[in-house]
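Take a look at the letters that make up each chain.
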Amino acid sequence: LIISPDMKKLSALALGSVLSLTGCAAIVADEAQTVYVDSSPSQALFVISDNYGRIAATGTTPSTVTLPKSDGTYLGWLNYQITFSRADFQPVIMPLKTRPNAWYIFGNLTTLGAGWLIDPFWGGMYNLHPDSVHINMLPCPVGRFGSFCS
């Protein structure tokens, strides 16, 4: 098989074009993510705090919130905890976990791993799971002397 110099140039150009369509997570993903928060019954209060105990968002269900995925330090992913409360219902706590996304894992293969050093500073390499939260709240048990949730 004989390959001409023009064919080699064309092949290199095609390969470069394909590789330019991929990249690290810092290029293609966002540093924050929108999460839908809902409950049954609706109108429950919620507080979202990060793994440092800082309050990131508050509101009433149903609602959407936008949360940063990283604190800006190397591998500084943020996990969250959502606490739901409503009068006469038992409080519920739900975790939001951060995981590396496919752009970080596979997109960096084509850049020879350059993003594996850059992406951990930035939230684009992560996804929050789940990105939609629906909690079924249970009523407080009622006993002889009233509610057991107070």
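Residues numbered from 1 in each chain as written. Predicted model: local features only at pLDDT ≥ 70, side-chain atom pairs only at ≥ 80, totals over all residues. Heavy atoms only, no water.

Asks: Report on the overall build of the protein, specifying residues and quantitative values.
Replies: Along the protein, the regular secondary structure elements total 4 helices and 10 strands. Listed N to C, the secondary structure of the protein is α-α-β-β-β-β-β-β-α-α-β-β-β-β in terms of helices and strands. Taking all 150 residues of the protein together, the buried fraction comes to 31%. Counting contacts in the protein only where the partners sit at least 6 residues apart, residues at least 24 apart contribute 68% of the total. As displayed, the protein has an accessible area near 9,400 Å², and 64% of this comes from carbon and sulfur atoms. (Helix = DSSP H or I, 4+ residues; strand = E, 2+ residues; numbered from the N terminus. Buried < 20%, exposed > 50% of the residue type's maximum accessible area, 1.4 Å probe, protein only. Contact = heavy atoms within 4.5 Å. Areas by Shrake-Rupley, 256 points an atom, 1.4 Å probe, with all protein chains shown as cover.)

Asks: Before we move on, can you summarise the sheet that holds strand β8 (residues 132–136) with the specific residues and values?
Replies: Read across the open sheet, the 3 strands follow the order β4-β1-β8; overall the sheet is mixed. Where the open sheet ends on each side, the last strands, each with one partner, are β4 (63–68) and β8. Taking each pair of neighbouring strands and ignoring which way they run, the sheet shows an average axis angle of 25 degrees. Where strand β1 (residues 32–40) lies against β4, 6 bridges are found, and the strand directions are antiparallel. Bridge pairing in β4 places Tyr-36 opposite Thr-64. (Pairing = 2+ DSSP bridges. Axes fitted to C-alpha atoms, helices over the stretch in contact; angles between N-to-C directions.)

Asks: Please give an account of the sheet that holds strand β3 (residues 55–60) that cites residues and values.
Replies: Read from one edge to the other, the open sheet built from 5 strands follows the order β3-β2-β5-β6-β7, with strand pairing classed as antiparallel. Of all strands in the sheet, those bounded by a partner on one side alone are β3 and β7 (126–129). Adjacent strand axes in the sheet meet at a mean angle of 20 degrees when their direction is disregarded. In the sheet, strand β6 (residues 92–100) pairs with β7 via 4 bridges, with the strands oriented antiparallel. Looking at the pairing, Thr-98 lines up with Leu-128 of β7.

Asks: How would you summarise the packing of aromatic side chains if you had to cite specific residues and measurements?
Replies: Under the counting rule described, the total for this entry stands at 2 aromatic pairs. Summarising the aromatic geometry, the rings of Phe-46 and Phe-84 are spaced 6.5 Å apart at their centres and angled 50 degrees between planes, so their arrangement reads as tilted. Of this pair, Phe-46 sits in strand β2 (residues 45–50) while Phe-84 sits in strand β5 (residues 80–85), and the two are 38 residues apart along the sequence. By relative accessible area, Phe-46 is classed as buried at 1%. (Phe/Tyr/Trp six-rings, centres within 6.5 Å; stacked < 30°, edge-to-face > 60°.)

Asks: Please give an account of the environment of Leu-75 that cites residues and values.
Replies: Assignment of secondary structure puts Leu-75 in the loop between β4 and β5. Among the residues examined, Leu-75 registers a relative accessible area of 39% and is labelled partly exposed. Counting along the chain gives 51 residues from Leu-75 to Tyr-126, while the straight-line C-alpha distance between them is 9.9 Å. Apart from the residues within four sequence positions on either side, Leu-75 is in contact with Pro-120 and Tyr-126.

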